[in-house]
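The chain contents come next:
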Amino acid sequence: MPTENRAGPIRLVVTLGLAGLFSGLVLVSVFLATQPLIKRNQVEALEAAIYRVLPGAETRKVFVEQDGKLVEAQSADGVEAVFAGYDPGGKLVGYGIPAAGGGFQDIISLIYGYDPYEKQIIGMQVLESKETPGLGDKIIKDQNFLDDFKALKVEPEILVVAPGTGADANEVDSISGATISSKAVVKIINQGNEKWRKLIDEKTESEGQAE
Amino acid sequence: MSNQPGLYEETIKGIWRENPVFVQMLGLCPALAVTNSAINGFAMGAASTFVLVGSSLLVSMFRNLIPKQVRITTFIIIIATFVTVADLSLQAFTPLLHKELGAFIALIVVNCLILGRQEAFASRNRLPYAVGDAAGMAGGFTIALIMVGGIREILGSGSFFGVPLFGDNFEPWVIMILPPGGFLTLGVLLIVFASVKKRSDKRKQVRLES
């Protein structure tokens, strides 16, 4: 404990200023040192997730939007892109569509697989979320919830219904205790569909005619 | 400082006699929240150890330079810095574990065990004692988390540190890895610890009287 009873205001400001300065320096250097690794981890996680939401796919191509059309691109770095997955025979399995939006706490980012032939979702995985541990974070692991995304019709628009009542092919049972997070996931997917589905469907149709 | 206990006593007291979870009842939030498996308990314990030892080291080193009026603020700046470093490192080196522990790593900042040790001990004691105290307390905290996590994992998933223990016939007691399991396990452990302590205290008293 300091020996003097009252430190002057200048001393207080200087102490806190120095503490903040050193803390800032440490944080910036640790941030710079860990950022490349964290980025790489995220890329690897995305890569693994693409194949998980497109069952059967073994290779993938990147597509970006250009003048209202999907065109192939070399990398998805820094641009919005979708990933077309192909099975070993070269047949298209579907498109992995990354999407993000507001959850209960913070942005939820996820990727889902879309099969343009059947017009249905064939898989979904949450990539990053800060939902309430034990409640909202069930969107990551709850098997019943994830199973709802294995053959989910996208027309008409996907709906969230109360747990145990989802019967129709376009309905998802919300997780009890995590209604807001469940709804957020479906909303994010619907927004992703709005953005990408028309492009993907048009491309699939034109390819079908060319064959 | 003649009547201060030795360095060894200051270090070892956190493990058992003043165990932060079982005796002081500090840091119960992470002890309940992340302990659905032994590995999660261990990781939380390790991250808290890093933060507690690092903060105690700095606080004790600068204890004579920090004015009394801003000491809590300064402690929090120091603690928050260590927590962010731990958070980023886990994210960089063990992304799966980081995903598992989620928001709780950032919440180490508000673990009252850590601020409590700065205020009660590190800011009043010389460096070796402060580090010893922090290491002992953190060790006791980690052991407690592994115990709670281990028991919950064995009963709730039938494994320990991810290694399956029982055959296929084992029906996991799922409630143990859900939040109520945390309360149940911690409550039972508290009863066990309190009764063991009571008995050993009584024995000591008998020895003193005879």
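Preceding this section is the structure that the text describes.
Residues numbered from 1 in each chain as written. Chains lettered and ligands numbered in written order. Predicted model: local features only at pLDDT ≥ 70, side-chain atom pairs only at ≥ 80, totals over all residues. Heavy atoms only, no water.

A.B. asks: Describe in detail the overall build of chain A, supporting the description with residues and values.
C.D. replies: Each helix and strand counted, chain A has 4 helices and 9 strands in total. In sequence order, chain A lays out its α and β elements as α-β-β-β-β-β-β-α-α-β-β-β-α. Radius of gyration (C-alpha) of chain A: 23 Å, far over the 17 Å computed for a compact globule of 211 residues. For chain A, the proportion of its 211 residues judged to be buried stands at 40%. In chain A, the share of contacts with a sequence separation of at least 24, taken over all contacts with a separation of at least 6, comes to 51%. As displayed, chain A offers around 11,600 Å² of accessible surface, 56% of which is attributable to carbon and sulfur atoms. (Helix = DSSP H or I, 4+ residues; strand = E, 2+ residues; numbered from the N terminus. Rg over C-alpha atoms; globule rule 2.2 N^0.38 Å. Buried < 20%, exposed > 50% of the residue type's maximum accessible area, 1.4 Å probe, protein only. Contact = heavy atoms within 4.5 Å. Areas by Shrake-Rupley, 256 points an atom, 1.4 Å probe, with all protein chains shown as cover.)

A.B. asks: Lay out helix 6 (residues 112–120) of chain B in plain terms, naming residues and giving numbers.
C.D. replies: Along an α-helix, residues three or four positions apart point the same way, because every turn accommodates 3.6 residues. All names here are of chain B. Among the residues of helix 6, Leu113, Ile114, Arg117 and Gln118 are the ones counted as buried. Here the buried residues of helix 6 occupy an arc of 135° about the axis, which is enough to place them on one side. Those residues of helix 6 that are buried are in contact with helix 3 (38–61), helix 4 (71–93) and helix 7 (127–157). You can read the cap of helix 6 off the contacts: a side-chain oxygen lies 3.0 Å from the backbone nitrogen of leucine 113, and it is on asparagine 111. (Arc of directions from axis to C-beta. Polar contact = N/O pair within 3.5 Å; in protein donor to acceptor, adjacent residues only side chain to side chain.)

A.B. asks: So, the pairing of strand 4 (residues 92–102) of chain A: which residues are in play, and what are the values?
C.D. replies: Working note: regular strand, side chains alternate between the two faces of the sheet. Residue and element names in this part refer to chain A. Within strand 4, 8 of the 11 residues are buried, which leaves it mostly tucked inside the rest of the structure. As defined by bridge partners, strand 3 (residues 81–86) adjoins strand 4 across 4 bridges and the pair is classed as antiparallel. Across the sheet, the residue bridging to alanine 84 is tyrosine 95, located in strand 4. In this structure, the hairpin formed by strand 3 and strand 4 is closed by a connection of 5 residues, where glycine 90 is found at a positive phi of approximately 85°. When strand 4 meets strand 5 (residues 107–115), the two strands line up antiparallel, connected through 8 bridges. Counted as the bridge partner of isoleucine 97 is tyrosine 112 from strand 5. Taking the residues between adjacent antiparallel strands as the criterion, strand 4 and strand 5 are bridged by 4 residues. (Pairing = 2+ DSSP bridges.)

A.B. asks: Explain the packing of aromatic side chains to me, and be specific about the residues and the numbers.
C.D. replies: The final tally for this structure, using the stated rule, is 7 aromatic pairs over all chains. With 6.2 Å between their ring centres and 65° between their planes, phenylalanine 63 of chain A and tyrosine 95 of chain A make a pair best called edge-to-face. Placement of phenylalanine 63 of chain A in strand 1 (residues 59–66) and of tyrosine 95 of chain A in strand 4 is noted, with a sequence separation of 32 residues between them. According to the relative accessible area criterion, tyrosine 95 of chain A is buried, its value standing at 1%. Of the aromatic side chains, those joined through ring pairs into one cluster are Trp16, Phe22 and Phe193 of chain B. (Phe/Tyr/Trp six-rings, centres within 6.5 Å; stacked < 30°, edge-to-face > 60°.)

A.B. asks: Could you give an account of the nonpolar core, naming the residues involved and the relevant values?
C.D. replies: Residues Val21, Phe22, Val51, Leu52, Ile108 and Leu186 of chain B are the most contacted members of the largest nonpolar core, which totals 37 residues. Take this core: its biggest share by element is 8 residues, from helix 7 of chain B. Sequence-distant contacts of phenylalanine 22 of chain B, defined by excluding residues within four places in its chain, comprise Ala144, Met147, Leu186, Leu189, Leu190 and Phe193 of chain B. Grouped together as the second largest cluster of nonpolar side chains are 34 residues, Tyr95, Phe149, Ile175 and Val185 of chain A included. (Core = buried A, V, L, I, M, F, W, Y, C linked by side-chain atoms within 4.5 Å.)

A.B. asks: So, the interface of chain B and chain A: which residues are in play, and what are the values?
C.D. replies: Interface extent is often summarised as the accessible area lost during association of the parts. Each partner contributes to the interface: chain B provides 26 residues, whereas chain A provides 25 residues. Around 2,300 Å² of area is buried between chain B and chain A when both sides are counted, 69% of it from carbon and sulfur atoms. The tally of links between chain B and chain A comes to 0 salt bridges. In this assembly, chain B and chain A are joined by 4 residue pairs in polar contact (both at pLDDT 80 or more). Elements represented by at least two residues in the side of chain B that touches chain A include exactly helix 4 and helix 5 (95–101) of chain B. With 12 residues, the top contributor of residues to the side of chain B that touches chain A is helix 4 of chain B. A class-by-class count of the residues in the side of chain B that touches chain A yields 11 nonpolar, 9 polar and 6 charged. (Buried area = accessible area lost by both parts, 1.4 Å probe. Salt bridge = Lys/Arg side-chain N within 4 Å of Asp/Glu carboxyl O. Nonpolar A, V, L, I, M, F, W, Y, C, P; charged D, E, K, R; others polar.)

Geometry only, nothing functional implied.
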